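One-letter residues, chain by chain:
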Amino acid sequence: MTDNTTFSNLKALYHTFGCKLNFAETSTIARRLGERGVRRVSGSETPDLIIVNTCSVTELADKKCRQAIHSFHRRYPAAAIIVTGCYAQLKADDIAAMPGVAVVAGAERKMDLDQFIDRFLSERQPVREVSEWADIVTFRPSCSRGDRTRFFLKVQDGCDYWCTYCTIPRARGRSRSGTIPELVDQARRAADEGGREIVITGVNIGDFGKGRDDTFLDLIRELDKVEGILRYRISSIEPNLLTEEIIDRVAESRAFMPHFHIPLQAGSDEVLRLMRRHYDTALFRSRIEYIRRRIPDAFIGVDLIVGARGETPELFEQSRAFVDSLDISRLHVFPYSERPGTRALELAGAVEPAEKHRRTGIMLRLSEAKWADFAGRFAGTRRPVLLEHPKDRPEAPMSGFTDNYLRVEVAGAGPELDNTIVGVELGAVNAAEEKLNGTLAQQTEP
């Protein structure tokens, strides 16, 4: 590798698709390049490098990635486009053939982008670095804030579940995770940098410690001890891995927030079987009910796929009725997407696009009702809110999230309170924008 003079005066534009894990990794990439002299573009500056961190969870995600790459090349024809992430892992040859693409790096190589950019700048030849999915076994740590108030701590990567509809195991490789001491150290460094909230991210975080003696429960116990971090949030965790012991730990925790995100994917046992999920509706219901007993105020977000192969109208109605019966806070609804190389393509019973669209609308309306009901329970109460100043809209009012993940626009809060937890009196519910109005309480929360 050459010295930092290779990167002197280079300006980079970063664009991220997909999950919180991708955002965390993009921030780490930006920091590594920044340490070598690359700075982010500002205002109307023209970038020399464009780093695109891609997603491939659906065909629509693939399409958006392709469109973005083409658009960037049209706008900045002289820029070197560097593409990494899940789409790059799965479709490296297709991406390498696109105009303007200088580097394609697969899932395991994204933290080596500085080396690949170095090589491209030295040789002016395209670089393609993609490992076979079975060889993706290295855990590459990431804990970054980027432009956000909260930090994202990557604790696990990869997945061994092989659900029939999913390409993630081929895109992210085998399940592996960091060690508790290194992750605790990263959380301490985040606190030293002024971090107040950390979102724990990964592909299948409940699988943390697989192949070792430690577990996800052990990890959250140790993270809870880190001074300076006032809030942790657990990103998506599989219901079969969300144990009662983990829920108990959150209920008793100093800093873990009353907030869960749990993938259901289908409210029909037959569809869950076709998907090769690792639980049934009875287990899922038991997890929701246990959370409500232990943490009544908890926000519970649920992922749901509609229109999967084999989901007949009768099975969809079962799924709708099951979801309607759950005391949850919000749905994240995804229409099923055909993915090349998945076992789902071997199943009969494909659902027409128009019918998938109809079912998606039904579930989205159900989600709106669930959110409005949950948010309405807290109108007129006081909750702690971590305030954020919108960097792209300096004239906008301060806003933030309560401990139980309700977005609040706060009157009477100035930018000096950015990244501060304050007491807020919650007022009217704005269901259309999924937020509440609030006013600054007299006394700041500790």
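Residues numbered from 1 in each chain as written. Predicted model: local features only at pLDDT ≥ 70, side-chain atom pairs only at ≥ 80, totals over all residues. Heavy atoms only, no water.

1. Here we look at helix H12 (residues 313–325)
Item 1. Spanning 13 residues, H12 covers 18 Å between terminal C-alpha atoms, matching the ideal 18 Å at 1.5 Å per step.
Item 2. Listing the buried residues of H12 in full gives Leu 315, Phe 316, Ser 319, Phe 322 and Val 323. Down the axis, H12 shows its buried residues gathered within 125 degrees of arc, on one side only. With respect to the buried face of H12, the exposed residues turned more than 90 degrees away are Pro 313 and Glu 314.
Item 3. Buried residues along H12 sit in contact with strand E13 (259–265), helix H10 (269–275), helix H11 (281–294), strand E14 (299–306), strand E15 (330–335) and helix H13 (353–376). (Helix = DSSP H or I, 4+ residues; strand = E, 2+ residues; numbered from the N terminus. Expected span 1.5 Å × (residues − 1). Buried < 20%, exposed > 50% of the residue type's maximum accessible area, 1.4 Å probe, protein only. Arc of directions from axis to C-beta. Contact = heavy atoms within 4.5 Å.)

2. Quick word on the sheet that holds strand E12 (residues 231–234)
Item 1. Judged by pairing direction, the sheet is mixed, and its 4 strands sit side by side in the order E7-E8-E11-E12 without closing on themselves. The open sheet has two free edges, formed respectively by strand E7 (142–144) and E12, since each of these has just one partner strand. Neighbouring strand axes in the sheet, compared pairwise and without regard to direction, differ in orientation by 20 degrees on average.
Item 2. In this structure, strand E11 (residues 197–201) lies alongside E12, joined through 4 bridges in parallel fashion. (Pairing = 2+ DSSP bridges. Axes fitted to C-alpha atoms, helices over the stretch in contact; angles between N-to-C directions.)

3. Quick notes on unusual backbone geometry
Most peptide bonds take the trans form, and the phi angle of most residues other than glycine is negative.
Item 1. Phi is positive for Arg 124, which is not a glycine, with a value near 55 degrees.
Item 2. With respect to the helices and strands, Arg 124 occurs in the loop between helix H5 (113–123) and strand E6 (127–129).
Item 3. Positive phi outside glycine occurs at Glu 434, with the angle close to 50 degrees.
Item 4. Along the polypeptide, Glu 434 turns up in the loop between strand E19 (421–430) and strand E20 (435–440).
Item 5. Glu 434 sits in the partly exposed class, given a relative accessible area of 22%.

4. Comments concerning the environment of Thr 179
Item 1. Its location among the elements puts Thr 179 in the loop between strand E10 (176–177) and helix H7 (180–192).
Item 2. For Thr 179, a relative accessible area of 36% translates into the label partly exposed.
Item 3. Here the alpha-carbon distance between Thr 179 and Ile 229, two residues 50 residues apart in the chain, equals 19 Å.

5. A look at the pairing of E11
Item 1. The buried fraction of E11 is high, at 5 of 5 residues.
Item 2. Taking every second residue as pointing to the same face, both faces of E11 are buried, with Glu 197, Val 199 and Thr 201 on one and Ile 198 and Ile 200 on the other.
Item 3. In this sheet, E11 lies alongside strand E8 (residues 151–154) in parallel orientation, the contact comprising 4 bridges. Considered in E11, the bridge of Phe 152 is made with Val 199.
Item 4. Handedness of the crossover joining E11 and E12 through helix H8 (residues 216–223) is recorded here as right-handed. (Right-handed = clockwise from strand over helix to strand, strands pointing away.)

6. Some words on the pairing of strand E1 (residues 11–16)
Within a regular beta strand, the side chains point alternately toward one face of the sheet and then the other, so they alternate between its two faces.
Item 1. With 5 of 6 residues buried, E1 lies mostly within the body of the structure.
Item 2. In this sheet, strand E2 (residues 39–40) lies alongside E1 in parallel orientation, the contact comprising 2 bridges. Paired with Ala 12 across the strands is Arg 40, a residue of E2.
Item 3. Once you follow E1 into helix H1 (residues 20–35) and on to E2, the crossover reads as right-handed.
Item 4. With 5 bridges joining them, E1 and strand E3 (residues 49–54) adopt parallel strand pairing. By the bridge assignment, His 15 is partnered in E3 with Val 52.

7. As for the packing of H7 against H8
Item 1. Two elements in contact, H7 and H8, have axes whose closest approach is 10 Å; the angle formed by their N-to-C orientations is 35 degrees. The element H7 and its partner H8 pack so that their crossing is right-handed. Contact with H7, carried on its side by Ile 180, Leu 183, Val 184 and Ala 187, involves Asp 218, Leu 219, Glu 222 and Leu 223 of H8 and no other residues of that element.
Item 2. When its residues are assigned to classes, the contact of H7 with H8 shows 6 nonpolar, no polar and 2 charged. (Left-handed = near helix turned anticlockwise from the far one by under 90°. Nonpolar A, V, L, I, M, F, W, Y, C, P; charged D, E, K, R; others polar.)

8. Digging into the side chain of Ser 144
Item 1. Along the chain, Ser 144 falls in strand E7.
Item 2. With relative accessibility at 3%, the residue Ser 144 sits in the buried group.

9. Brief notes about the packing of aromatic side chains
Item 1. What the rule picks out here adds up to 8 aromatic pairs.
Item 2. Considering the side-chain rings of Phe 401 and Tyr 405, the 4.5 Å spacing of their centres and the 10 degrees angle between planes classify their relative orientation as stacked.
Item 3. Members of the aromatic cluster, each reached through a chain of ring pairs, are Phe 299, Phe 374, Phe 378, Phe 401 and Tyr 405.
Item 4. Stacked on the ring of Phe 139, the Lys or Arg Lys 154 has its end atom at 5.3 Å from the ring centre.
Item 5. When the ring centre of Phe 208 is taken as origin, the NZ or CZ atom of Arg 212, which lies over that ring, is 5.2 Å away. (Phe/Tyr/Trp six-rings, centres within 6.5 Å; stacked < 30°, edge-to-face > 60°. Lys NZ or Arg CZ within 6 Å of the ring centre and 35° of its normal.)

10. Points about empty space enclosed by the protein
Item 1. Taken as a whole, this structure holds 1 cavity of 30 Å³ or more when the rule is applied.
Item 2. Space inside the largest cavity adds up to approximately 50 Å³.
Item 3. Lining the largest cavity, in full, are Thr 164, Tyr 165, Leu 274, Met 275, Ala 308, Arg 309, Tyr 336, Ala 344 and Leu 347.
Item 4. Along the lines of polarity and charge, the residues of the lining of the largest cavity split into 7 nonpolar, 1 polar and 1 charged. (1 Å grid on protein atoms, 1.4 Å probe; cavity = no way out; pocket = protein on both sides within 12 Å on 5 of 7 lines; lining within 4 Å. Points joined across faces, edges and corners; volume = space filled by probe spheres on them.)

These figures capture arrangement, not role.
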